[in-house]
Amino acid sequence: MDPQDIDTLLPRELVSLEEPPAEKDACIEHLLDMAVEAGRVEDRETALEALFAREEETTTGVGMGIGIPHAQTDAVTRPTVVFARSDRGVDFDAMDDEPATLIFMLLVPEGGSEEHLGMLSSLSRALMHEEVRDSLHEAESPEAVRETLREAVA
């Protein structure tokens, strides 16, 4: 992923530093609603079904306090990332049993498999670094979150 892709994938309005709902399904709906309000999702219910279907396949709690709910669906107008940070954590059923405090929702139009996998891969690699996770926890603005991610994927 090119660092400049962050600006397109994750606009300021899709970064939330407010505490999301504590329950996983409600948290997913909260992030999806942000994407709907930003005009990135045309059909909320279809996108929600795709996200929940993906959650049923296997956990999107990747460990280290990270949750990455994601889906491919025609309900999405363009590749989108939504970010939320939680102080208390959201249980995403991670294998390490740690709640997610950094939550990234990835939404990709149907047929965007390569792009979807590339986004997941770049984000996952960046989040393996403790200093990136720490910077995201300490970010005081949406722009600070975006800058951290730009630097991490460079």
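Structure's up top.
Residues numbered from 1 in each chain as written. Predicted model: local features only at pLDDT ≥ 70, side-chain atom pairs only at ≥ 80, totals over all residues. Heavy atoms only, no water.

1. Some details on unusual backbone geometry
One non-glycine residue, methionine 64, lies in positive phi territory at about 55°. Mapped onto the elements, methionine 64 comes out in the loop between strand S2 (61-63) and strand S3 (66-67). Unusually for a residue other than glycine, aspartate 93 sits at a positive phi of about 55°. Its location among the elements puts aspartate 93 in the loop between strand S5 (80-90) and strand S6 (100-108). The class of aspartate 93 is partly exposed, set by a relative accessible area of 44%. (Helix = DSSP H or I, 4+ residues; strand = E, 2+ residues; numbered from the N terminus. Buried < 20%, exposed > 50% of the residue type's maximum accessible area, 1.4 Å probe, protein only.)

2. So, the environment of valine 36
With respect to the helices and strands, valine 36 occurs in helix H2 (residues 24-37). Distance from valine 36 to valine 76, taken between C-alpha atoms, is 9.0 Å for residues 40 residues apart in sequence.

3. So, the packing of aromatic side chains
A ring pair, where both rings are aromatic, is described by two values, the distance of the centres and the angle of the planes. The full count for this structure, using the stated rule, is 1 aromatic pair. An angle of 55° between the planes, with centres 4.9 Å apart, marks the rings of phenylalanine 83 and phenylalanine 104 as tilted. Here phenylalanine 104 lies in strand S6 and phenylalanine 83 lies in strand S5, a separation of 21 residues in the sequence. Looking at phenylalanine 83, the relative accessible area reads 0%, which means it is buried. The class of phenylalanine 104 is buried, set by a relative accessible area of 0%. (Phe/Tyr/Trp six-rings, centres within 6.5 Å; stacked < 30°, edge-to-face > 60°.)

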